[in-house]
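# Observations on the model geometry
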Amino acid sequence: SESFCNKNREPAHWCAMNGSAEHAIELALTAMAAGDHDFALTVCRRASEVILEPRLSAMIGECLEAKGSEVDAICCYRSALSLDTSLVGAPLPEAMIVKAHARINAIATKLGMTETWSQNATADASLDVSAIALRIRGGRIADAAGLYKGSEAYRDRTHPAFHVEVAKALREVVGEQATTLAQQALEVALAIGGTSSADKKVLAEAAHEMGDIAYEARKYDTSQEWYEKAIQQQVAAGGPGAMPLSRSGVANCEKDKGNLAGAIAEYRKALALAPQDPTFIFNLAQAYEYVQDYDSAIALLSDFTLELAKNQNRDMTTVNHFAVPLLFIKLVYAAGPAHHGKIQPLLEQIKSFPAVATQAVQALATHWAYYFFLSRLLASASLQPPAPGVPPLFMIGDSHVLSSAWAQVTFRGRPHTLTPKLITGLQAYHLRPGNKFLTVANAEECFKSLPEGTTEALWVVGEIDCRDGITGAVAKGKYASIEQGVEVAIAVYREAVKNFQERFGVTLYPVSVCPPTNPAYKDRIKATHLFNNALRAAYPNLLDMAAKATTKEGVLSPEYNCDGTHMNRRAVTLLQEELDRQLKNPDEKLPEIESLDEAEETRALVLDSWAIVAEDLEVYGVQFFLKLFEIAPQALKLFSFRYVDDLQNSPGLKKHGVMVLEVVGEVVAGINTIGNLAPKLVTLAVKHAEWNVVSEHFPVVGQ
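A brief structural summary. Within every chain, residues take consecutive numbers counted from 1 along the sequence as written. Owing to the predicted nature of the model, reporting of local features is limited to residues with pLDDT of at least 70; listing and counting of side-chain atom pairs is limited to 80 or more, with chain, interface and lining totals taken over all residues. Hydrogens and water molecules were not included; the side-chain quantities draw on all heavy atoms of the structure.

Each patch is built from residues lacking any salt bridge and having more than 30% relative accessible area; the joining distance is 9 Å for like charges and 5 Å for nonpolar side chains (Val, Leu, Ile, Met, Phe, Trp, Tyr). Each accessible area is a Shrake-Rupley result for a 1.4 Å probe, and residues are judged covered by the shown protein chains and nothing else. For salt bridges, the criterion is a side-chain nitrogen of Lys or Arg within 4 Å of an Asp or Glu carboxyl oxygen. On the surface, a cluster of nonpolar side chains totalling about 240 Å² of accessible area is made up of Ile 612, Val 619 and Tyr 620. By the criteria applied, helices consist of DSSP H or I runs no shorter than four residues and strands consist of E runs no shorter than two, each listed in order from the N terminus. Secondary-structure assignment places Val 619 in helix α30 (residues 617-631). Exposure categories follow from relative accessible area, calculated using a 1.4 Å probe and restricted to protein chains: below 20% of the type maximum is buried, above 50% is exposed, and the middle band is partly exposed. Judged by relative accessible area, Val 619 falls into the partly exposed class, the value being 37%.

Given below as structure tokens:
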């Protein structure tokens, strides 16, 4: 039976789609005989989406009962007994009718339910969840709503479990109409209430579903309140029930609000209630990653995979079981050489996944993308452990920090190991002031984890803005153009860099954005081009790897392409070249003023002399340019007012003179924090280069 199930997992959906109830039922019965109720439940539910068959409802009830969802099982048994097959399908066989009656009575007695639950009428339309679900899954939400609101259970406000089942069926469909109706059904269930243990379990389930709806709408505080109510109801009902899921829901809310310590505490509680649940293990390990506690994350995943291996991975029965190795491989690579020995076995394990599992985990886009990237990256270059005593050069940012991670480069005249501080999914726009977001909290933890004495680091952010954030916002009408989107993102980027530098005392070297690889992505190409140009204008210390890696078409040169998004290990060579360019003379020091007294005297002279100029910028601006043209008459041809006869009274010259001196005034005003003006001055320099101003002109201006 086990062998049959394994061989026929993939055709399960095909059986259902071809309307073959017998094939689906045979497959599910075989799985049930093998004890694989999860798989049997999946087969029956898939088949019931397209086949009106009471045997499927009864078998779903049997699977749910085996899994401990006894109230849900009753609903399914009653649905099997009451399903209207007068127009299509066949009625439930006598043997299954007897069994369904028996199971309803047994469960009702066990749970202390009222007599209403054990009245097994064969035509109770108020509990015909399957008929409603069939319409829902067929996209006929209005018909489903009519059938639901015409039911006795809705009209008389009875059977809360029925309303929860309707809501669950609606939750499988994407759309505002379905979500609204699901919420209404849950509100009815909650309003009915109940005092028995079974009633409280139903109320706990309803509250949890309400929490899920609020969570998907990103109403995290509301969602958390519902999850807490679900936990309270489950405690009152006795036993853990759905409590681990609700605990995990609370943790998810804390995580997405940026409270990572709170999230870890709640994930631990969920895991304590269900120690072998892969979902809770996965989520807790990921939360450890966010706070840079890679050792705890890897220990947790190591213990879990070891337990699975003891049973030759036969317990890997859900998508999340297979998702764990995807997360694991990212963590061991990012954690460093001490853990790199685990990489190859993990790669082999993932390659050995059954085809159906591989297809399922590919739906986990982010985690599959990391696996695909790292498998390609590691196939092109072997990892060499860093030499003892080599200090780290930290790279803080999105997944592009991994392209060069753990390579050795020369920085300031000595070897350094490129050490990643990974912030999964970070966009520059996330870092806007006041924003509480997971990636923002993750970034904070990365900076907090820098060893004492760290004064310089690389900053790798912006590719996801260009790939999704900016172009997506333009498509939604948030911005009028890509140019506007880039302008907003760059403003946030610059403020964030300034903030991190000031708070953590670290000089950040921004790295240019890796361009896309597909020439058909015109908007992404444009966004990346504009973003990188803005970085070049704002940061003299930009490590501009993209300048050499971008083709004339604006895409990543094939020699640097790893996986269609990231650079391969040749990125290390580009990065070294940029470090060399930025630090040509690492030992060279800026001229020092002899003493603090002399520095103060110089500042005082500047401020006092400027006070005289500031009294009349127009007069002094004109005098400045007239003197310039007297020293270098050829400079006049660079200006729009070059053909004016009376230069001294030229409105154009007066206006330009004032503009120039206003900028000088800004520099004077910021004389104690001159570095903060660098981005503006670089922008002006770029413009002057476009106007054919060259370095030879500056000594003349100085005169």
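Still to come is the rest of the account.
Attention now goes to the state of the cysteines. Covalently bonding the sulfur atom of one cysteine to the sulfur atom of another cysteine gives a disulfide. Two cysteine sulfurs form what is called a disulfide whenever their separation falls within 2.5 Å. Enumeration according to the criterion identifies 0 disulfides in this entry. In this structure Cys 76 is a free cysteine whose sulfur lies 6.8 Å from that of Cys 75, the closest cysteine sulfur available. For Cys 76, a relative accessible area of 13% translates into the label buried.

When you line up the elements, Tyr 294 lands in helix α18 (residues 294-310). Its relative accessible area of 9% is what places Tyr 294 among the buried residues. Sequence spacing of Tyr 294 and Ala 335 is 41 residues, and the spatial spacing of their C-alpha atoms is 5.9 Å. Contact between two residues is taken to exist if any of their heavy atoms lie within 4.5 Å; hydrogens are not considered. Each residue touching Tyr 294, except ones within four places of it in the same chain, is listed here: Glu 289, Leu 331, Ala 334, Ala 335 and Leu 422.

For helices, the fitted line uses only the C-alpha atoms of the stretch in contact; every axis is such a line through C-alpha atoms, and the angle between N-to-C directions lies from 0 to 180 degrees. Remark: helix α25 (residues 482-504) packs on helix α26 (residues 522-538), axes separated minimally by 10 Å, with the N-to-C direction vectors making an angle of 40°. The pairing of α25 with α26 is recorded here as oblique in orientation. Between α25 and α26 lies a crossing whose hand is right-handed. When α25 is examined against α26, the residues Ile 482, Glu 483, Val 486, Ala 489, Ile 490, Tyr 493 and Arg 494 are found in contact with a partner set consisting of Asp 523, Lys 526, Ala 527, Leu 530, Phe 531, Ala 534, Leu 535 and Ala 538. For this scheme, ten residues count as nonpolar: Ala, Val, Leu, Ile, Met, Phe, Trp, Tyr, Cys and Pro. Four count as charged, namely Asp, Glu, Lys and Arg, and the remainder, Gly too, count as polar. Here the residues of the contact of α25 with α26 sort into 11 nonpolar, no polar and 4 charged. Roughly parallel means an angle under 35 degrees; roughly antiparallel means over 145; roughly perpendicular covers 65 to 115; every other angle is labelled oblique. Handedness of each helix crossing follows the sense of rotation of the near helix against the far helix: counterclockwise by less than a right angle gives left-handed, clockwise gives right-handed.

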